[in-house]
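Architecture and fold: a report
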Amino acid sequence: MVDEFTGFPAEGLAFLTKLGARDKAWFDANRATYEAQVVGPAKSFVSAMGEALADGFAPNIIAEPKTNGSIAPINNDLRFSPDKPPYKDHLLLKWWEGDDKKRSPTLWVRITQDQIGFATGAPIHDVERWRSLVADDAIGADLANALTALAKGRSLDIDGQGYKKVPKPYDENHPRADLLRHKMGLQARWSEPIPAGANKRAFVDWCTRRLEAAAPVHHWFVEHLV
């Protein structure tokens, strides 16, 4: 059973900052604090956000309140990034709308002691179909307009461009040239200072309102890429 979410305790958020600079021996010695102050609230938050997103704008959203489900592992994979510390200094949580979480449009929340990040994105599995959708004067413009609206009033980073140049046969001056250069996927993300109310139940509503701004982009992904 996952307990009802009552907020992320300040001790848990501070623990993340400490953990980012510690080794396995320290983590093992402090694992009880991690489980109680970080993992427990994270599981409850995942479930509560899943319900809020489903009631709001993503009716088929999937939430799995467990590590390697909606909760990313806290350890860094040092096989691919040997220079990184053993552990992350943040929580990365996700919810997806589709049968396969690796292939589905996804919403993310990234939590540190001081910052909270939000993102919407989807992988591109058929690049030719992606280009066709983006090049379409109606369908492609819908995505571009949704991203423009999401960027209003926030510093939006759009990640996933795999090509330096617009792929042929599309013109370099195509109105959606930036989107045509995406190859593996697209993720639109931004960050804000974490609110004082992160230690309260209302944090779920606060986060849901932020992700609602990304709803048109998420809906486009669900409609065209699932």
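The present account deals with the structure reproduced in this document. All values reported here derive from a predicted model rather than from experimental measurement.

Description of the pattern of salt bridges
- Taken as a whole, this structure holds eight salt bridges when the rule is applied.
- The partner of Glu128 in a salt bridge is Arg131, and the shortest N-O contact between them spans 3.2 Å. Here the residue Glu128 and the residue Arg131 both occupy positions in helix H4 (residues 127-135), the gap between them amounting to three residues, near one helical turn.
- Salt bridges sharing partners connect three or more residues here, namely Lys24, Asp28 and Arg31.

Focus: helix H3 (residues 31-56)
- Compared with the 38 Å implied by 1.5 Å per residue over 26 residues, the 35 Å span of H3 between its first and last C-alpha is a close match.
- The principal kink in H3, of about 30 degrees, is found at Val39, preceding the proline Pro41 by one to four residues.

Observations regarding the packing of H3 against helix H7 (residues 203-212)
- At their nearest, the axes of H3 and H7 sit 10 Å apart, and the two run at 50 degrees to each other. As summarised for this structure, H3 and H7 are arranged oblique, according to the angle between their axes. Crossing handedness for the pair H3 and H7: right-handed. Seen from H3, the contacting residues are Phe45, Ala48, Met49, Ala52 and Leu53; seen from H7, they are Phe203, Val204, Cys207, Thr208 and Leu211.
- Looking at the contact of H3 with H7 residue by residue, the classes come out as nine nonpolar, one polar and no charged.

A short note on H4
- Those residues of H4 that sit buried are Trp130, Arg131, Leu133, Val134 and Ala135.
- Against helix H5 (139-151), helix H6 (177-180), strand S5 (182-193) and helix H8 (215-225) lie the buried residues of H4.
- Capping the start of H4 is the job of one residue whose side-chain oxygen sits 3.2 Å from the backbone nitrogen of Glu128: Asp126.

Some remarks on the packing of aromatic side chains
- Considering all chains together, one arrives at 15 aromatic pairs under this definition.
- An aromatic cluster is defined as three or more aromatic residues linked by ring pairs; in this entry it consists of Phe5, Phe8, Phe45, Trp95, Phe118, Trp190, Phe203 and Trp206.
- Seen from the ring of Trp190, Arg154 lies directly overhead, with NZ or CZ sitting 4.8 Å from the centre.

Here's the deal with the nonpolar core
- Phe8, Phe45, Trp95, Ile111, Ile116 and Phe203 are the most contacted members of the largest nonpolar core, which totals 64 residues.
- Per-element tally for this core: the top contributor is H3, with 10 residues.
- Not counting chain neighbours up to four residues away, the residues in contact with Ile111 comprise Phe8, Leu13, Leu16, Phe45, His90, Leu91, Leu93, Ile116, Ile194 and Phe203.

Overview of the environment of Ala54
- Checked against the element boundaries, Ala54 lands in helix H3.
- Residues Ala54 and Gln161 lie 107 residues apart in sequence; the distance between their C-alpha atoms is 30 Å.
- Look past the residues within four positions of Ala54 in its chain and what remains in contact with it is Pro59 and Ile61.

Thoughts on the environment of Leu211
- Within the secondary structure, Leu211 sits in helix H7.
- Along the backbone, Leu211 and Trp108 are 103 residues apart, and their C-alpha atoms lie at a distance of 8.7 Å.
- When sequence neighbours within four positions are dropped, the list of residues in contact with Leu211 reads Met49, Leu53, Phe57, Leu107, Trp108, Val109, Phe118 and Ala119.

Quick word on the pairing of strand S2 (residues 106-111)
- Extensive coverage of S2 is indicated by the burial of five of its six residues.
- Here strand S1 (residues 91-96) runs beside S2; their pairing, made up of six bridges, is antiparallel. By the bridge assignment for S2, Leu92 is matched with Arg110.
- Pairing of S2 with strand S3 (residues 115-123), which is carried by six bridges, proceeds in the antiparallel orientation. Within the sheet, the bridge partner assigned to Leu107 lies in S3 and is Thr120.

Scoring rules and cut-offs
Sequence order sets the numbering: in each chain, residues are counted from 1 along the sequence as written. For this predicted model, a pLDDT threshold of at least 70 governs which residues receive local features, and a threshold of 80 or more governs which side-chain atom pairs are given and counted, while totals over whole chains, interfaces and linings are taken from all residues. Derived side-chain values reflect all non-hydrogen atoms in the structure, with water molecules and hydrogen atoms excluded from consideration. Salt bridge criterion: a side-chain nitrogen from Lys or Arg within 4 Å of a carboxyl oxygen from Asp or Glu. Put simply, DSSP marks the helices as runs of H or I at least four residues long and the strands as runs of E at least two long, and each gets a number from the N terminus on. To estimate the expected span of a helix, subtract one from its residue number and multiply by 1.5 Å. In this scheme, the bend at a residue equals the angle between the axes fitted to the seven residues that finish there and the seven that begin there. Axis angles are defined between N-to-C directions and span 0 to 180 degrees, where every axis is a line fitted to C-alpha atoms and, for a helix, only to the segment in contact. Orientation labels follow simple angle bins: below 35 degrees gives roughly parallel, above 145 gives roughly antiparallel, 65 to 115 gives roughly perpendicular, and whatever is left gives oblique. Crossings are assigned a handedness: left-handed for a near helix turned anticlockwise from the far helix by less than a right angle, right-handed for a clockwise turn. Two residues form a contact once any of their heavy atoms are found within 4.5 Å. Under this grouping Gly is polar, as are all residues other than the nonpolar Ala, Val, Leu, Ile, Met, Phe, Trp, Tyr, Cys and Pro and the charged Asp, Glu, Lys and Arg. Note on classification: 1.4 Å probe, protein chains only; a residue is buried when its accessible area is under 20% of the maximum for its type, exposed when over 50%, partly exposed between these limits. Within 3.5 Å is the distance limit for a polar contact, defined as a pair of N or O atoms, with the added protein rule that one can donate a hydrogen and the other accept it, and that residues adjacent in sequence qualify only through two side-chain atoms. Each Phe, Tyr or Trp ring (for Trp, its six-membered ring) is paired with any other whose centre lies within 6.5 Å, and the angle between the two planes then decides the class: stacked below 30 degrees, edge-to-face above 60, tilted in between. Two limits define a charge over a ring: the Lys NZ or Arg CZ must be within 6 Å of the ring centre, and within 35 degrees of the ring normal. By nonpolar core is meant a set of buried Ala, Val, Leu, Ile, Met, Phe, Trp, Tyr and Cys residues that side-chain atoms within 4.5 Å join together. In short, DSSP must find at least two bridges between two strands for them to pair.

This is a description of form; function is not addressed.
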